Amino acid sequence: MKHSFKALIPFAALAGALAQQPACADQLADVKARGTLVCGVLGSFEPFGYTDTASRAVVGYDVDVCNAVARHLGVKAEVKPVSIEARISELQQGRMDLL
């Protein structure tokens, strides 16, 4: 039971950060115009994001969700590893579209 609670902490932090920011109606238009959805992924938090030793690419559940959202929007997914401490500020400063 403790393990499943820990897995929800990143989502709760994201929800709290998004609740504090006003929604920008043009952000979706910016993503579509750019043609890329930039996703911040924790690179060492299995199974959500981790580095595959064979391909040296970041893989995991968060990467799969990013690819699915980008595919739905009709844009390419760009996955950027981000640290736990920097993820909210990266999102607020517009360097990433999704965590």
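Before any of the text, the structure's been laid out above.
A brief report on the enclosed structure follows. Quick caveat, the model's predicted, so the values are computed rather than measured.

### Description of a nonpolar patch on the surface
A surface patch of nonpolar side chains, amounting to about 230 Å² of accessible area, comprises Tyr-61, Val-65 and Val-69. Here Tyr-61 lies in helix α3 (residues 61-73).

### Quick notes on the state of the cysteines
Each disulfide is one covalent bond, formed between the sulfur atoms of two cysteines. The tally for this structure, following the rule as stated, stands at 1 disulfide. With its sulfur 1.9 Å from that of its partner, Cys-39 forms a disulfide with Cys-66. With the S-S bond torsion at 85°, the cross-link from Cys-39 to Cys-66 turns out right-handed. Taken together, the residues Cys-39 in strand β1 (residues 36-42) and Cys-66 in helix α3 connect sequence positions 27 residues apart. For the pair shown, Cys-39 and Cys-66 are each scored as buried.

### So, the pattern of salt bridges
It is possible for side chains of opposite charge to pair when their charged atoms get near one another. Tallied over the entire structure, the rule returns 3 salt bridges. Between Lys-80 and Glu-78 there is a salt bridge, and its shortest N-O distance comes to 3.9 Å. Looking at Glu-78, the relative accessible area reads 34%, which means it is partly exposed. Its salt-bridge partner being Glu-90, residue Arg-95 comes within 2.9 Å of it at the nearest N-O pair. When its relative accessible area of 45% is taken as the criterion, Arg-95 is described as partly exposed.

Criteria and thresholds
Residues numbered from 1 in each chain as written. Predicted model: local features only at pLDDT ≥ 70, side-chain atom pairs only at ≥ 80, totals over all residues. Heavy atoms only, no water. Patch = residues over 30% accessible without salt bridge, like charges linked within 9 Å, V, L, I, M, F, W, Y side chains within 5 Å. Areas by Shrake-Rupley, 256 points an atom, 1.4 Å probe, with all protein chains shown as cover. Salt bridge = Lys/Arg side-chain N within 4 Å of Asp/Glu carboxyl O. Helix = DSSP H or I, 4+ residues; strand = E, 2+ residues; numbered from the N terminus. Disulfide = S-S within 2.5 Å. Buried < 20%, exposed > 50% of the residue type's maximum accessible area, 1.4 Å probe, protein only.

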